[in-house]
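As a plain string of letters, each chain reads:
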Amino acid sequence: MRFKDIIGQTETISTLRYMVEADRLPHALLLLGPPGIGKRTLALALSQYLLCTQRRDGDSCGECPSCVKTSKLIHPDVHFSFPVVGAGMISDKFMVQWRQALQENPYQDSNQWLQLIGAENKQGNINKDECQNIIRKLSLKTFEAPVKTLILWLPEYLGNEGNRLLKLIEEPPPATHFILIAENAELILNTILSRCQLVKIPMLNDQDIVDGLLHRELCPEDKTWGIAHLSDGNFNEAITLAANKVSNDAALLLDWLRKCYKGYGPEMVKWSENFATLGRENQKHFLQYALHFMREFLIMMVTGSTNARLQAEELSSAQNLAKVLNVDQVEQIVRLFNNCYQYVERNANPKILFLDASIQLHKTMKRWDV
């Protein structure tokens, strides 16, 4: 991955390039921003640039042995750490899947990755065994390059295990750089945040999405702007829309809202039981989508605009919902979805949780006291 291959992010690339050229790259760098905007591509390109032996024109050459190995994700001095599932499992055991995933789509989100490695009903994490493996790997001397890097994707999954890495992050071995890639700073230990230099990555704009779609020949030119509008700066979502894939989350949410509005008990029970079988990572992904839908719906209600970032069926459903919901009700529903997300993370019983949420949704939509 070279800087020139990255979609948008021109200012961030200039910042990272300057850090390397001025010998001011911190030993711990945190790239923070929403999903689908290219944080991993930036981290990969930065590592390749850092290790390249023949840099030119402000980019890695892409031809030297170091660049070839880095681009194939097999350089012995570029290490990776990411969420996995299973007791005692570490990232090294999933490197085949990791390389395949990044080669196919470096913009994929955490749910896609965890489903690829068979998460099912398990939640991903970065456990103590992985932390010990990181400490072991980084204590070794470099194999080929003058420096080594560790790209740690989603430190939010570290939890309290991140305390094991504090000393290493604060006082790393010589010529060692941590590159952390995060989406939610609130879920990262403050002790880790305080040891990293933060670089906030901005959203991609519609033109960036259009250019990316055209460059990768993912869809006809006449569809690019519509996809860019709907994807809301998320290139991973743009890839999904370009492939004409219907969002299962969208259909599931609209079905749930209809059943809750009717308030027929057996249907809500059946929906909750079926939803409980999806697995916790899928449930969390669904709730993230539901919050996105309600945000766009609220913007539509307040502004009166029909230019929401929703697909045709979603927009039609939102317009129908506007006939029965007011702003206060939407705020209650958003609060409910946020609470559900937190309870899923804490391993709440999904059947009980979502049946209770269904009942609360019905009361809210019917303007009963909740």
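None of these values were measured; they are calculated from a predicted model.

Cut-offs and rules
Residues numbered from 1 in each chain as written. Predicted model: local features only at pLDDT ≥ 70, side-chain atom pairs only at ≥ 80, totals over all residues. Heavy atoms only, no water. Salt bridge = Lys/Arg side-chain N within 4 Å of Asp/Glu carboxyl O. Buried < 20%, exposed > 50% of the residue type's maximum accessible area, 1.4 Å probe, protein only. Helix = DSSP H or I, 4+ residues; strand = E, 2+ residues; numbered from the N terminus. Axes fitted to C-alpha atoms, helices over the stretch in contact; angles between N-to-C directions. Parallel < 35°, antiparallel > 145°, perpendicular 65-115°, else oblique. Left-handed = near helix turned anticlockwise from the far one by under 90°. Contact = heavy atoms within 4.5 Å. Expected span 1.5 Å × (residues − 1). Arc of directions from axis to C-beta. Pairing = 2+ DSSP bridges. Nonpolar A, V, L, I, M, F, W, Y, C, P; charged D, E, K, R; others polar. Core = buried A, V, L, I, M, F, W, Y, C linked by side-chain atoms within 4.5 Å. Phe/Tyr/Trp six-rings, centres within 6.5 Å; stacked < 30°, edge-to-face > 60°. Lys NZ or Arg CZ within 6 Å of the ring centre and 35° of its normal.

Sorry if this is basic, but what is going on with the pattern of salt bridges here?
Between side chains of opposite charge, pairing is possible as soon as their charged atoms come close. If you walk through the whole model with that rule in mind, you get 11 salt bridges. Here K262 ties to E267 by a salt bridge, and the two come within 3.4 Å at their closest N and O atoms. Look at K262 and you get exposed, because its relative accessible area is 54%. Notably, a salt bridge pairs K284 with E345, separated by 4.0 Å at the nearest N-O pair. Here the residue K284 occupies a position in helix α14 (residues 280-303), and E345 occupies one in helix α16 (residues 327-345), the gap between them amounting to 61 residues. Taken together, the shared-partner salt bridges in this structure form one network comprising D232, R295 and E296.

Explain the packing of helix α9 (residues 206-215) against helix α11 (residues 235-242) here, please?
For any two helices packed against each other, the geometry comes down to the angle between their axes and how far apart the axes lie. Running from N to C, α9 and α11 point in directions that differ by 50 degrees, and their axes come no closer than 10 Å. Judged by the inter-axis angle, α9 sits oblique to α11. Crossing of α9 against α11: the hand is right-handed. For the pair formed by α9 and α11, the contact residues are I209, G212 and L213 on the first element and F235, A238 and A242 on the second.

Whenever I open this one, helix α13 (residues 265-276) confuses me. Can you help?
Structurally, the α-helix is built with 3.6 residues per turn, so residues lying three or four positions apart point the same way. Here α13 contains 12 residues, and its C-alpha end-to-end distance of 17 Å stays within 8% of the 16 Å for a straight helix at 1.5 Å per residue. Along α13, the residues classified as buried are M268, W271, S272, F275 and A276. Here the buried residues of α13 occupy an arc of 130 degrees about the axis, which is enough to place them on one side.

Looking at this structure, how should I read the sheet that holds strand β4 (residues 176-182)?
Sheet strands pair by backbone hydrogen bonding; their relative direction is either parallel or antiparallel. Read across the sheet, five strands follow the order β2-β3-β4-β1-β5 without closing on themselves; strand pairing throughout is parallel. The strands lining the two open edges of the sheet, one partner per strand, are β2 (78-81) and β5 (197-200). When the angles between neighbouring strand axes are averaged without regard to direction, this sheet yields 20 degrees. Looking at chain direction, strand β1 (residues 28-32) and β4 are connected through five bridges and run parallel. Counterpart to A28 in the pairing with β4 is F178.

Whenever I open this one, the packing of helix α12 (residues 248-262) against α14 confuses me. Can you help?
Interhelical geometry of α12 versus α14 gives an angle of 75 degrees and a closest axis separation of 10 Å. By the angle between their directions, the pair α12 and α14 is classed as roughly perpendicular. Along its contact with α12, which presents D249, A250, L252, L253, L254, W256 and L257, the element α14 presents H285, F286, Y289, A290 and F293. Looking at side-chain class alone, the contact of α12 with α14 contains 10 nonpolar, one polar and one charged residues.

Explanation requested: the nonpolar core in the structure shown.
Side chains of a nonpolar character, in soluble globular proteins, are inclined to be buried together. One finds L31, F80, F82, W113, F178 and I192 to be the most contacted residues of the largest nonpolar core, which totals 77 residues. Tallying contributions element by element places helix α2 (residues 39-51) first for this core, with eight residues. Membership of the second largest hydrophobic core comes to 34 residues, among which are Y289, M294, Y341 and L353.

Looking at this structure, how should I read the packing of aromatic side chains?
We describe a pair of aromatic rings using the distance from one ring centre to the other and the angle between the two ring planes. Scanning all chains against the criterion turns up 17 aromatic pairs. Judged by centre distance (4.1 Å) and plane angle (15 degrees), the ring pair of F82 and W98 falls under stacked. In this pair, F82 sits in the loop between β2 and α4 (95-104) while W98 sits in helix α4, placing the two residues 16 residues apart along the sequence. Here the two residues F82 and W98 agree in accessibility, since each one is buried. Centre to centre, the rings of W256 and F354 are 6.2 Å apart; their planes meet at 65 degrees, and the pair counts as edge-to-face. Here F354 lies in helix α17 (residues 350-365) and W256 lies in helix α12, a separation of 98 residues in the sequence. Side by side, W256 and F354 carry an identical accessibility label, which is buried. Put simply, the rings of W256, W271, F275, F286, F337 and F354 pair up and form one aromatic cluster. Here the basic side chain of R40 rests over the ring of W153, its NZ or CZ set 4.0 Å away from the ring centre. Of note, R55 hangs over the ring of Y49, and the distance from its end group to the ring centre comes to 4.9 Å.

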